[in-house]
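Chains, contacts and geometry: an overview
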Amino acid sequence: MSPRNQNNNQINLVTVLLPVPLNGGLLTYKIIDQIDDCVRGAFVEVPFARRKLVGILWDITDVTPDVSPDKIKQVLSILDRPPMTDELMRFIDWVATYTLSPLGAVFKMCISVPGLFEDTQKQKAYFYTGTQSKGTRLTSARQKVLDLMQDQKLQTIAEIKEKTGVSDSVIKGLEAIGILGSQYVDTKPDSAVPVLGDVEPELSEEQTVAASALVYAVASSVFKPFLLDGVTGAGKTEVYFEAIAEALKTEGTQVLVLVPEIALTSQWLGRFKTRFGVDPVVWHSDIAQGKRKRAWQAIASGDARVVVGARSALFLPYHNLSFIVVDEEHDQSFKQEEGVMYHARDMAIVRAKFSNCPIVLASATPSLETRVNADNGRFETLKLRERFGTAVLPEVKAVDMRIDPPAPGKWISPDLVKEIKDRIRNNEQVMLFLNRRGYAPLTLCRTCGHRFGCDECSSWLVEHRFRRELHCHHCGHIEPMPDKCPECGNADTLAPCGPGVERLFEEVAGEFPDARITVMTSDTMTSPKATAHMVEQIEKGMLDIVIGTQILTKGYHFPNLTLVGVIDADLGLRGGDLRAAERTYQQLMQVAGRAGRAEKPGTVYLQTYEPEHPVVDALVKTDGDSLMAMEQEMRERFQMPPFGRLVALILMGPELKPVAEMGRRLAQTAPREHVLNILGPAPAPLTRIRGQYRYRMLLHAGKSTKVQKMVFDWIERTEKIKGVRIKVDVDPYNFL
Ligand code: ADP
Ligand code: ZN
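Described below are features of the structure shown in this document.

1. Here we look at the site of ligand 1
Around ligand 1, a shell composed of 16 residues is seen, among which Glu-202, Gln-207, Gly-233, Lys-236 and Arg-271 lie nearest. Glu-202 has a polar backbone atom sitting 2.8 Å from a nitrogen atom of ligand 1. Out of a free accessible area of 560 Å², ligand 1 has 80% covered by protein chains. Element by element, the count of residues in the shell around ligand 1 is highest for helix 7 (residues 236-248), at 3 residues.

2. Some points on the sheet that holds strand 11 (residues 281-283)
The 7 strands lie next to each other as 11-12-10-13-14-9-15, forming an open sheet whose pairing is parallel. Looking along the sheet, the strands with just one partner apiece sit at the ends: strand 11 and strand 15 (380-384). Between one strand axis and the next, the sheet turns through 20° on average, direction left out of account. Bridge count for strand 11 against strand 12 (residues 306-309) is 3 bridges, and the pairing is parallel.

3. Structural notes on the coordination of the zinc ion (ligand 2)
Listed as protein donors to the zinc ion (ligand 2) are Cys-454 (SG), Cys-457 (SG), Cys-472 (SG) and Cys-475 (SG); their distances from the metal cover 2.3 to 2.4 Å. Given 4 donor atoms and angles of 107 to 113° at the metal, the environment of the zinc ion (ligand 2) is assigned as tetrahedral. Between the donor residues of the zinc ion (ligand 2), the gaps in sequence give the motif C-x2-C-x14-C-x2-C. Placement of Cys-457 in the loop between strand 18 (442-445) and strand 19 (462-464) and of Cys-472 in the loop between strand 20 (469-471) and strand 21 (478-480) is noted, with a sequence separation of 15 residues between them. The pair formed by Cys-457 and Cys-472 is uniform in burial state, with each residue classed as buried.

4. Focus on helix 3 (residues 140-150)
Of the residues making up helix 3, those classed as buried are Val-145, Leu-146, Leu-148 and Met-149. Along the long axis of helix 3, the arc covered by the buried residues comes to 165°, so they all point the same way.

5. Notes on the pairing of strand 26 (residues 603-608)
Within a regular strand, side chains alternate between the sheet's two faces. Most of strand 26 is tucked away, with 6 of its 6 residues classed as buried. The alternating pattern of strand 26 places Thr-603, Tyr-605 and Gln-607 on one face and Val-604, Leu-606 and Thr-608 on the opposite face, and all of these are buried. Across 6 bridges, the pairing between strand 16 (residues 395-400) and strand 26 is parallel. Each residue of the ladder has a partner; that of Glu-395, found in strand 26, is Thr-603. Relative to strand 26, strand 25 (residues 561-566) runs parallel, the two being bridged by 4 bridges. Bridge pairing in strand 26 links Gly-565 to Tyr-605.

6. Observations concerning unusual backbone geometry
Residues apart from glycine generally show negative phi values, whereas peptide bonds are mostly found in trans. A cis amide bond, omega 5°, links Pro-641 with the succeeding residue Pro-642. Turning to its location among the elements, Pro-642 is positioned in the loop between helix 17 (624-637) and strand 27 (644-653). The linkage connecting Gly-680 with the following residue, Pro-681, adopts the cis geometry, with an omega of 5°. Mapped onto the elements of the fold, Pro-681 is located in strand 28 (residues 675-689). Phi at Glu-328 is positive, roughly 55°, even though this residue is not glycine. Mapping Glu-328 onto the fold places it in the loop between strand 13 (321-327) and helix 10 (344-355). Unusually for a residue other than glycine, Asp-731 sits at a positive phi of about 55°.

7. Observations regarding helix 6 (residues 205-219)
Compared with the 21 Å implied by 1.5 Å per residue over 15 residues, the 21 Å span of helix 6 between its first and last C-alpha is a close match. Where helix 6 is concerned, the buried positions are Gln-207, Ala-210, Ala-211, Leu-214, Ala-217 and Val-218. The arc enclosing the buried residues of helix 6, seen along the axis, measures out at 125°, which places them on a common side. Away from the buried face of helix 6 by more than 90 degrees, exposed residues Glu-205, Val-209 and Tyr-216 are located. Packing partners of the buried residues in helix 6 comprise strand 9 (224-230), helix 7, strand 13, strand 14 (358-363) and strand 15.

8. Some remarks on the sheet that holds strand 27
Read from one edge to the other, the open sheet built from 4 strands follows the order 28-29-27-30, with strand pairing classed as antiparallel. Edge positions in the sheet fall to strand 28 and strand 30 (725-730), since each of these pairs with one other strand and no more. In this sheet, neighbouring strand axes are inclined to one another by 20° on average, regardless of whether the strands run parallel or antiparallel. Pairing geometry for strand 28 and strand 29 (residues 692-702), over 8 bridges, is antiparallel. Following the sheet pairing, Pro-683 is matched in strand 29 by Tyr-695.

9. Some remarks on the packing of helix 4 (residues 157-164) against helix 5 (residues 168-176)
Packing of helix 4 against helix 5 leaves a shortest axis separation of 10 Å and a crossing angle of 115°. In the packing of helix 4 onto helix 5, the handedness of the crossing is right-handed. Facing Ile-157, Ile-160 and Lys-161 of helix 4, the residues of helix 5 in contact are Asp-168, Ile-171 and Lys-172. Classifying every residue of the contact of helix 4 with helix 5 gives 3 nonpolar, no polar and 3 charged.

10. Overview of the packing of helix 1 (residues 86-99) against helix 10
Packing of helix 1 against helix 10 leaves a shortest axis separation of 10 Å and a crossing angle of 145°. Note on packing geometry: the crossing formed by helix 1 with helix 10 is right-handed. Packed against helix 1, whose contacting residues are Glu-87, Leu-88, Arg-90, Phe-91, Trp-94, Val-95 and Tyr-98, the element helix 10 presents Met-347, Val-350, Arg-351, Phe-354 and Ser-355 at the interface.

11. Looking at the packing of aromatic side chains
Under the defined criterion, the tally for this structure stands at 14 aromatic pairs. When the centroid spacing of 5.5 Å and the interplanar angle of 70° are considered together, the rings of Phe-241 and Phe-276 count as edge-to-face. Of this pair, Phe-241 sits in helix 7 while Phe-276 sits in helix 8 (residues 266-276); the two residues are 35 residues apart in sequence, bridging distant segments of the chain. What makes Phe-276 buried here is its relative accessible area of 1%. What links up through ring pairs into an aromatic cluster is the set Tyr-240, Phe-241, Trp-268, Phe-272 and Phe-276. Its guanidinium or amino end placed over the ring of Tyr-733, Arg-579 lies 3.7 Å from that ring's centre, counting from NZ or CZ.

12. Section: the side chain of Thr-232
Within the secondary structure, Thr-232 sits in the loop between strand 9 and helix 7. When neighbours within four sequence positions are excluded, Thr-232 is seen to be in contact with Ala-364, Arg-387, Leu-393, Met-589, Gln-590, Gly-593, Arg-594 and Arg-597.

13. Quick word on the environment of Lys-727
Considering the arrangement of structural elements, one finds Lys-727 in strand 30. Linking Lys-727 and Ile-650, residues 77 residues apart in sequence, is a C-alpha distance of 5.0 Å. In this view, Lys-727 contacts Glu-337, Met-341, Ala-648, Leu-649, Ile-650 and Met-652; residues no more than four positions away in its chain are not counted.

Conventions used here
- Within each chain, residues carry numbers counting from 1 in the order of the written sequence.
- Chain letters and ligand numbers both follow the written order, the letters beginning at A and the numbers at 1.
- Thresholds applied to this predicted model are a pLDDT of at least 70 for local features of residues and 80 or more for the giving and counting of side-chain atom pairs; totals over whole chains, interfaces and linings are not thresholded and use all residues.
- Side-chain metrics rest on all non-hydrogen atoms present in the structure, leaving aside hydrogens and water.
- Nearness is defined per residue: one heavy atom within 4 Å of the molecule or strand is enough.
- Whenever two N or O atoms come within 3.5 Å, that pair is a polar contact, provided that in protein one can donate a hydrogen and the other can accept it, and provided that, for residues adjacent in sequence, both atoms are side-chain atoms.
- Here, Shrake-Rupley sampling with a 1.4 Å probe gives the accessible areas, and only protein chains in the shown set may cover a residue.
- Per the convention used, a helix needs a DSSP run of H or I reaching at least four residues, while a strand needs a run of E reaching at least two, with both numbered from the N terminus.
- We treat two strands as partners when DSSP finds at least two bridges between them.
- Lines fitted to C-alpha atoms define the axes here, with helix axes fitted over just the stretch in contact, and angles between the N-to-C directions of these axes take values from 0 to 180 degrees.
- Donor criterion used throughout: N, O or S atom within 2.8 Å of the metal, extended to 3.2 Å for Na, K and Ca. Water excluded; incomplete-looking sites may result.
- Each label reflects the angles at the metal, where four donors whose angles all fall between 85 and 135 degrees are tetrahedral, four or six donors whose opposite pairs open beyond 155 degrees and whose other angles stay between 65 and 115 are square planar or octahedral respectively, and the rest are irregular.
- For every residue, the accessible area obtained with a 1.4 Å probe (protein chains only) is divided by the maximum for its type, and the residue is called buried under 20%, exposed over 50%, and partly exposed between those limits.
- What the arc measures is the spread of directions leading from the helix axis to the C-beta atoms.
- Between the first and last residue of a helix there are one fewer steps than residues, each counted as 1.5 Å, and that sum is the expected span.
- Contacts: residue pairs with any heavy atoms within 4.5 Å of one another.
- Crossing handedness: left-handed means the near helix sits turned counterclockwise from the far one by under a right angle, and right-handed means the same turn made clockwise.
- The residue classification treats Ala, Val, Leu, Ile, Met, Phe, Trp, Tyr, Cys and Pro as nonpolar and Asp, Glu, Lys and Arg as charged. All others, Gly included, are polar.
- Within 6.5 Å between ring centres, the rings of Phe, Tyr and Trp (the latter by its six-membered ring) count as paired, and their orientation is classed by plane angle as stacked under 30 degrees, edge-to-face over 60, tilted in between.
- Cation placement over rings: the criterion is NZ of Lys or CZ of Arg within 6 Å of the ring centroid and within 35° of the ring normal.

Set out below in structure tokens:
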């Protein structure tokens, strides 16, 4: 008998999805009387472990659980909010199944906003009273606020501060003298309607062809994946902006743009605003709580039309998605390495399918996975072969470090030094790339040989000389830099080994004492504001030399930058994994792509000890296609992804022995049929992180193998050990 048919005091059983690990997040509750309001996806409040939690009504169930009915707790209330869309529920289910994660963990990503379900509080907002007595002299800060408020209606303190940069006291001061008045208002979702047809750029022929294909797909509202494969500086952004404009023509539609690291997109936001007249809704982990909540609500209600965000923006409650962009689709930051281990690019395609809308993956260096999908016709390829306008691709030269080595203790070859000099003399800008934060990757004592390592991780501590500290780049541990060796007590014997960006800075500053130099890394770009400030300084020509890590590779456009120097082109190729060549090529091609993006042509110097390496060769010849074709052939021959499947198991625990024992057990119960190979168990290259010992196993199977079920059953049938966690990484990108 179905619960709906039970009458009298209608008791119905429902499963509720909660953001908890217990039972994968699905728990049974009973619901009395309110059954009519009870639709799948409704947000409900339930008791859970002496707390109240909000979950969603996943299903109305016929199945009676093992517990007796009077032990089952009751749903407390059904919240007065639009239910979660069926589409998002299907997506949660799909992602959980694919990544072998609990439903509850995926659901948690969908509601990752503190205080999301608490009532919205009233906020104080200010308005201009128009009573400014003659002769009142205003400070420049006060004048700024006044200029803003004269043509704006109500503004909250946060909004005024954001737009003018003044402090609280300036605003309160203006209120005290009666120029501003205040009242309490409901906090409104951030949503402004983009304006269309304001500034339509003139597209090149190539751009027009690509844009029309996207526009047509958006207008037809069908699921269709595209690869927008265009060289650096081709104007890919302008192309997909056309499709965004098309999507926005229809009332109520929403667009999602996924970008690798949102903190780095001040330039992108500026271009969006120029084109559409408003800011998009921005989503990433650094957004303040109130703003986050308003953004979530605006997305759920459909008020937010364009959302630009990091990978987590994929799990927002869009009302009516009509177009998705994955910009710089090759970027590895789309892969989440903690919690639910998913690849946002792959999941975005699934989401587009469920939303029945087109999706475009844009890159100058598409991933091999995407290339294969394009080759076999699953994705339609749109190509941009030339840079926009008069700009041409930079010339790339390999500097053979065996022939032209730097002076001892230096890292820049004489050739590159000379070239930097010339560029600075011409008032052009230079970028030096070295993907190593800090001063030196290793510090040792010359007297006793002591090396500084992290107590919690199997890794060396990295000297950060600007701050006189030692940092662990794996767990974040920081300690002050000692002035003598803690082992032998000798002073002045600590020696840095190898270069980091700070050491490079020292060398550059010594070599070019008059140059204006900056270092851009995650250590110096601590907030979106700090980043935007540095970017602006470069744009305005206030800096001559920019030294930085991979953070520099992300899509920046600096018209006056004409020379890029790669200090160690071989770095990414050493001790490489499956994708080392591909990744190094992508990264170096992206850095190289920062040179010569406007009228002045650019040059790239690659310092290498292996100029004949295929990756270096491909860069010098600007021929990524041949390199990738070679990579593709290798992967196909060895049935490596995307021609085969990999699933990594990571075993972790506070003690080594049980972790190793868990590895042995898993080896014994490992599946044998339909498996190409099982590698490990073996200690992970990073054997210890944050005090946790780690072992790895890797399952390799054929392309059509249903690896999820295989791995699920495998873990199920293996006897567990208390204190040892097993993490599953389907389609791993990280093998450390
Ligand atoms: P990509 O992302 O392909 O590397 P961008 O989209 O950053 O290239 O474009 C490079 C530069 O060319 C940007 O400054 C952009 O504004 C400009 N640009 C591209 N297409 C056009 C166009 N059709 N009209 C005017 N400027 C354009
Ligand atoms: Zn550490």
